[in-house]
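This is what each chain is made of:
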Amino acid sequence: MNLIKLRKYWYILSLLVIVPGLISLGTRHMNYGIDFTGGSQLQIQFSQPVTDAEIRAVLVDQNLPSDSEIQMSGGNKATLIRTRALTDTEDANLTNALQQKLGAVPSSQSYEKVEPVITGALIRDAALALLIAFALMLVYIGIRFEFWFGLAAIIAIFHDILVTVGLASIFWLQIDSASVAAVLTIAAYSVHDTIVIFDRIRENVKQRKKGESLDELIHHSIMQTLARSINTVMTVIFCLLALIIFGGVTIRSFMIMLLIGVISGAYSSIFNASPLWFDFKRLRSEAATTR
Amino acid sequence: MAGKKQRRNTNRQQQKQKMPVSPQQEQKQATPDSPQPEPAAAGAANQQSSSKAPRPRPPVRRILSGRAVSPDAVEAAPGPVDQARAVSGATSGATGAGSGGAVSGGHGAGAARAAGGGTGFSGPGAPNRPQAKRLAINWADAGILAVIVLVIAAIVVFAAKPIASELQKQLGIDLQGGVSLTYKASPLSPDAPVTSDAMNALQNNFEKRVNGLGVTESDIRLIGGNQIQVELPGFKDPDQAVKTLGTIAKLEFKTADGTVVLTGADLKKAQAQINTSTNEPEVALTFNAAGTKIFAQVTAVNVGKQIGIYLDDKLLTNPVVKEAIPSGNAVISGGYKTLQDAQNDALLLNAGALPVQVQLLENTTVGPTLGKEELDRSLMAGVIGLGLVLLFMLFYYRAPGIVADLSLIVYGLIMAGVYLLFHVTLTLEGIAAFIISVGMAVDANILIYERLKEELRAGKTLRSSFDAGFRHAFRTILDCNVNTLIGACVLLYFTYTRPQTGIPGFAVTLIIGVALSLFTAITFTRLVLHLLVSSRLVLNPRWYGLRIKIAAALAKPAVLGGGERP
């Protein structure tokens, strides 16, 4: 088996994840949280389990939108209510009602009210930050390795971002401004993974034997670093899973996005970045021979 | 023992730093060199050695570990070789050393190199008794190693609690409860734009008001050009905070015809009190020198007329002037239900009016119990996640896994130190970033150990494997960490100007984590791993994470060789 010879399938596999994600993004966008839409978010705990319907009844009682989002957790003893921006009186009334009717615990609640941010500006700034990161990485990799490695690494990062954002749309993960930071973190992690493999290719190219084809060389390089690639991503996954399962609710969607990105990053480093570099090299040498 | 001699040669050619060799070992190296293609060359580059291989075995080569494994390595029998030898050592005593030589002689270069791993006699099949004489543990290095381990253990045992309780003081709103308010400033009037001076004045004003609230600690910082974030850890009354901070508190004295005669700028002091005769709360005002003069004039001119006192264009009281007041004292009365209300206005008046209009962008209030719960959950997640990483490293990499775990503990301690030193606020995101950074920090260790294993599989001695492995891995670690740093720095730049993301803490932790993991990898991990190798406490490559299966596959020829010995 030669991973590089099979690269067509790896590209197709990536597209199979990315394309549905893009379709989902185009048709139903993303699940924007109150950071983007503005609104109030109330996190509250109860002394005994309550139901979604009971909370909704209280909301309707308070003349609040019945389509407010209610998320139960902690064995139905905790809830997160997301609704339109409440006035101070509305907030106080709702909290009182929840305490009196459903036994909400006064000290274990959090309240967050956010004015809508200008989504366009946030996304534009994030894109700008990414472009800056890409440019800097391209320069560094160009100096330490070569330009085509840099380009392949950046395409791999872009792949991971598309996968993460697309899957976030498909799974309807809540997007807040922390999610934007998650995407930037994924970029930083993904390049880390890719460089390890590129480093090995660079080393093996220097010691290349006669008759060894480039795809074999890349394949060997990937296989040599495979244990490391798997082990590293495993340790990060251990940590992320622990945070997702046992950690706080407020950063869960942030962590899930990171998990998707990290797995995608490990995949793209092995199955996209190196094959892409091979293709760049191949196309260039073909161009050189036809000239 | 030819193998040992070869190993030493290899070392000398490869490394500049001094590697202690025990005298016992030197004595044994009288055995003549076996004829073999220079192992030193193999030390320099596995690929070369594989191309020079006297007996290539292509099928085995792939299965074992891809390209890096030279066919020689097949004969290099790390694990069971020493079992075989240990047995021979046990039966024939001192001649055991000679039998080792026979093994390498019979199998050329590979076995000789394997001796680097095999000389330890520390395999499972080798009880301590017979090795006592020739085990050649470097007690000096082993001692240093033991001291390091003990020191770390002592720090963990004795410093963990104080560190934790100190860190507890640096918990963010999300973990200890409290109120966080983010305001956006806009001009009060078109001719008064929001300048940095205005923002600084706003910050000062907020500080005065917050102090008036009676909070024990607060953090007020400007974000970007026109935003300000106020954090009140442990504060429970968001409504009170919103009311106190969001009010402009523009005080005006107006005559009956609407002319503004005095403003809050003319005020020296405001104080809430209970009027002794009416028993109602009121605010007593004292003007400064200029204000007193104006007030005296204004009251003299307006005897018998009303002077309205307005706060943010809301009429508080509208008393009739009975006589000129030269003392510079006035009272706002009649409008307050409780002393608390009067106190609040006095507080606002003392702090002065806001220089800009403020709009509340974000109001986050976390109840103390919820904060505690989030903290407990994060800590539990941390313990489980980190525990899994530590166990994984231990079981997968064995002896170096212990080094990795020690490195991670040191990494965690330094990180805690950095947090304490720079008073980094511990937020949910910050803790998450720390836990993730540990996962990433461990990567430096993984890179080194994987490389070490490769070199061992290629048939190098433990020491030259350590040197070559570390050298190769270091370059990789440097290159990928620089790129991660680039990403993390851009992330910091992005979050720094955006309070809503709430996670500059995440970016900072990530940056410190990446830089620190690089540092611990090239200092601590290197030192301890070096001591482990040079102390010769653990020499069997199997304890460096080589798989038993491979070791067994590698072992066959050597075992046979052992049987053929004279």
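Please read these numbers as outputs of a predicted model, since none were measured by experiment.

1. Brief notes about the overall build of chain A
Along its length, chain A carries nine helices and six strands. Taking 2.2 N^0.38 as the reference for a compact globule, 291 residues should give roughly 19 Å; the C-alpha atoms of chain A span a radius of gyration of 24 Å, well beyond that estimate. Projected onto its principal axes, the C-alpha positions of chain A cover 80 × 35 × 30 Å. Burial status across chain A gives 47% buried among its 291 residues. Relative to all contacts within chain A whose residues are 6 or more apart in sequence, the contacts with residues 24 or more apart total 80%.

2. Some thoughts on the overall build of chain B
What chain B contains, in helices and strands, is 21 helices and 11 strands. Within chain B, contacts between residues at least 6 apart in sequence are counted, and of these 76% link residues at least 24 apart.

3. Points about the sheet that holds strand S7 (residues 281-287) of chain B
Residues and elements named next belong to chain B. As summarised here, the arrangement of the three strands in space is S6-S7-S10, forming an open sheet in which the pairing is antiparallel. The outermost strands of the open sheet, each flanked by one partner alone, are strand S6 (267-274) and strand S10 (329-333). Ignoring which end each strand starts from, the neighbouring axes of this sheet average 25° apart. Alignment of S6 against S7, held across seven bridges, turns out to be antiparallel. Residue pairing across strands places Lys269 opposite Thr286, the latter belonging to S7. With respect to the sheet, helix H15 (residues 339-351) is in contact with S6 and S7, its orientation differing from that of S6 by roughly 175°.

4. Considering the packing of helix H16 (residues 368-397) of chain B against helix H17 (residues 399-421) of chain B
All names here are of chain B. Between H16 and H17, the least distance of the axes is 7 Å, while the angle of their chain directions is 155°. Classified by the angle their axes make, H16 and H17 are roughly antiparallel. In this structure, H16 uses Leu390, Met393, Leu394, Phe395, Tyr396 and Tyr397 to contact H17, whose residues at the interface are Pro400, Gly401, Ile402, Ala404, Asp405 and Leu408. Across the contact of H16 with H17, the residue classes tally to 10 nonpolar, one polar and one charged.

5. Regarding the interface of chain A and chain B
Of the residues lining the interface, 61 residues belong to chain A; the matching set on chain B comes to 68 residues. Going through the elements one at a time, strand S2 (39-46), strand S5 (104-114), helix H5 (119-144), helix H7 (177-206) and helix H8 (214-246) of chain A are the ones with two or more residues in the side of chain A that touches chain B. Counting residues per element, the side of chain A that touches chain B draws most heavily on H8 of chain A, at 16 residues. When grouped by side-chain class, the residues that make up the side of chain A that touches chain B number 33 nonpolar, 18 polar and 10 charged. Pairing of S5 of chain A with strand S11 (residues 357-366) of chain B, which is carried by five bridges, proceeds in the antiparallel orientation. What sits directly across from Tyr111 of chain A, in S11 of chain B, is Thr365 of chain B.

6. A closer look at the pairing of strand S3 (residues 227-233) of chain B
Along any regular strand the residues' side chains alternate between the sheet's two faces. Residue and element names in this part refer to chain B. Burial of S3 is extensive: six of the seven residues sit out of reach of the surface. Note that strand S1 (residues 178-186) and S3 share seven bridges and pair antiparallel. Across the sheet, Lys184 pairs through a bridge with Gln227, a residue of S3. Summarising the sheet, strand S2 (residues 219-223) and S3 pair through five bridges and their orientation is antiparallel. Residue pairing for S3: Ile220 is matched across the bridge by Val230. Remark: three residues form the turn of the hairpin made by S2 and S3, two consecutive strands paired antiparallel; Gly224 in that turn has positive phi of roughly 65°.

7. Quick word on the nonpolar core
Counting 132 residues, the largest nonpolar core has Ala153, Leu184 and Cys239 of chain A together with Leu491 of chain B as the members making the most contacts within it. Not counting chain neighbours up to four residues away, the residues in contact with Leu491 of chain B comprise Ala181, Leu184, Thr185 and Ala188 of chain A together with Ala507 and Leu510 of chain B. Val114 of chain A together with Val230, Leu245 and Leu285 of chain B belong to the second-largest nonpolar core, a separate cluster that totals 44 residues.

8. A word on the confidence of the model for chain B
Residues and elements named next belong to chain B. Across chain B, the average pLDDT comes to 71, with 70% of residues at or above 70. Here helix H8 (residues 96-118) stands out as the element of chain B with the lowest mean pLDDT, 37, in contrast to H17, whose mean of 89 is the highest. Below pLDDT 50 for its whole length, residues 1-134 participates in 263 contacts with residues either more than four positions away or in separate chains. Contacts for the low-pLDDT stretch residues 554-566, under 50 throughout, to residues beyond four places or in other chains number 35 contacts. Interface scoring of the predicted complex returns ipTM 0.83; its pTM is 0.71.

9. Quick word on the sheet that holds strand S4 (residues 251-255) of chain B
All names here are of chain B. Spatially, four strands are ordered S5-S4-S8-S9 in an open sheet, and the strand pairing comes out antiparallel. The sheet is open, and its two edges are formed by strand S5 (260-263) and strand S9 (314-317), each paired on a single side. The sheet shows a mean angle of 35° between the axes of neighbouring strands, taken without regard to direction. Bridge analysis of S4 against strand S8 (residues 307-311) gives five bridges, and the strand direction is antiparallel. Note on S8: the bridge partner recorded for Thr255 is Ile307. The strands touched by helix H14 (residues 289-301) are S5 and S8; relative to S5, the strand with the most contacts, the crossing angle is about 150°.

Definitions and limits used
- Residues numbered from 1 in each chain as written.
- Chains lettered and ligands numbered in written order.
- Predicted model: local features only at pLDDT ≥ 70, side-chain atom pairs only at ≥ 80, totals over all residues.
- Helix = DSSP H or I, 4+ residues; strand = E, 2+ residues; numbered from the N terminus.
- Rg over C-alpha atoms; globule rule 2.2 N^0.38 Å.
- Buried ≥ 20, exposed ≤ 12 C-beta atoms within 10 Å, placed from the backbone.
- Contact = placed C-beta atoms within 7 Å.
- Pairing = 2+ DSSP bridges.
- Axes fitted to C-alpha atoms, helices over the stretch in contact; angles between N-to-C directions.
- Parallel < 35°, antiparallel > 145°, perpendicular 65-115°, else oblique.
- Nonpolar A, V, L, I, M, F, W, Y, C, P; charged D, E, K, R; others polar.
- Core = buried A, V, L, I, M, F, W, Y, C linked by C-beta atoms within 7 Å.
- pLDDT = per-residue confidence, 0-100.

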